[in-house]
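Each chain, letter by letter, is given below.
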Amino acid sequence: RAERSGTYHVVLFNEGPNTVSYELTVERTASGPESPAPPEEPGEPEQPEPPAEDRFEPNDAPPTATTISPDTYSDLTAGAGDNDWYALAIAGDIAQTQLQEIDARIEFSHADGNLNLVLARENSAGGLEPVRVSQTTTDNQRVLLNNPEQTGQYYLAVIGETRETVPYTLSY
């Protein structure tokens, strides 16, 4: 149940090896005296301002993810319709590199809007599966994976939940 009005996003991850068909139905139910009535006639949907682009654009999906190495990256932006994907540069087999952890953080002010952070891994079928998710309604997000056992490509996704463009700093 939505607690407030606004734009909501649905992110789907397939955790299995097979392609899955699905149908998504969204219904809006008004309740209470403060709920606005639905429009009489469909009109043009309100379009959000296009988010300001940062130096890593376009990186809005895994195929266009920007490859990053452990460092701190500032002056980044994300928002609804402008999710940011990063491919983590992990040299070779994780077991051979003796990688102890993947620790990623985004720092931002929740007053500017809400961001979530997802650590995902490419599975054997070529799909993505979430490994860790940080989804709060406070400043900053962090995902931590101790002793990664799986080889393969890992991704970070910064998911914008609000229409506002939210500035953030990424550390990995």
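Residues numbered from 1 in each chain as written. Predicted model: local features only at pLDDT ≥ 70, side-chain atom pairs only at ≥ 80, totals over all residues. Heavy atoms only, no water.

**Regarding the overall build of the chain**
Let me state the cut-off plainly: A helix here means a DSSP run of H or I that spans at least four residues, while a strand means a run of E at least two residues long, and both kinds are numbered starting from the N terminus. Three labels apply to residues, based on accessible area from a 1.4 Å probe with only protein chains included: buried if under 20% of the type maximum, exposed if over 50%, partly exposed otherwise in between. Any two residues whose heavy atoms approach within 4.5 Å are treated as being in contact. In these tables, accessible area is a Shrake-Rupley quantity obtained with a 1.4 Å probe, and a residue counts as shielded only by the protein chains included in the view.
Scanning the chain from terminus to terminus reveals one helix and nine strands. Along the chain, helices (α) and strands (β) appear in the sequence β-β-β-α-β-β-β-β-β-β when read from the amino end. Buried positions account for 32% of the 172 residues belonging to the chain. In the chain, the proportion of contacts linking residues at least 24 apart, taken out of those at least 6 apart, comes to 70%. Approximately 11,300 Å² of the chain is accessible, and the part contributed by carbon and sulfur atoms is 46%.

**Looking at the sheet that holds strand S6 (residues 128–134)**
The line we're drawing: Should DSSP find at least two bridges between two strands, the strands are regarded as paired. Axis definition: a line fitted to C-alpha atoms, over the contacting stretch in the case of helices. Angles run 0 to 180 degrees between N-to-C directions.
Reading across from one edge, S1-S3-S8-S5-S6 is the order of the five strands in this open sheet, with mixed pairing throughout. With one partner strand each, in any of the chains shown, strand S1 (66–68) and S6 form the two edges of the open sheet. Averaged over all adjacent pairs, the angle separating strand axes in this sheet is 30°, with direction ignored. Sheet analysis places strand S3 (residues 84–88) next to strand S8 (residues 154–160), joined by four bridges and oriented antiparallel. Residue pairing for S8: Trp 85 is matched across the bridge by Ala 157.

**A few points about the pairing of strand S5 (residues 115–122)**
The element S5 is largely enclosed, with a buried count of seven among its eight residues. Bridge analysis of S5 against S8 gives seven bridges, and the strand direction is antiparallel. Within the sheet, the bridge partner assigned to Ala 120 lies in S8 and is Tyr 155. In textbook terms, the turn of a hairpin is the stretch between consecutive antiparallel strands, and for S5 and S6 this stretch comprises five residues, one of which, Gly 126, has a positive phi near 90°.

**Topic: the packing of aromatic side chains**
Keep this limit in mind: When the centres of two rings from Phe, Tyr and Trp lie within 6.5 Å, Trp using its six-membered ring, the rings pair. Their planes under 30 degrees apart give stacked, over 60 give edge-to-face, and anything left gives tilted.
Under the counting rule described, the total for this entry stands at three aromatic pairs. Each ring, one from Phe 56 and one from Tyr 73, has its centre 5.7 Å from the other, and the planes form 70°; the classification is edge-to-face. Remark: Tyr 73 occurs in strand S2 (residues 72–78) and Phe 56 occurs in the segment before S1; sequence separation between them is 17 residues. Among the residues examined, Tyr 73 registers a relative accessible area of 12% and is labelled buried. Residues Phe 56 and Tyr 86 carry aromatic rings whose centres are separated by 5.9 Å and whose planes lie at 85° to one another, so their mutual orientation is edge-to-face.

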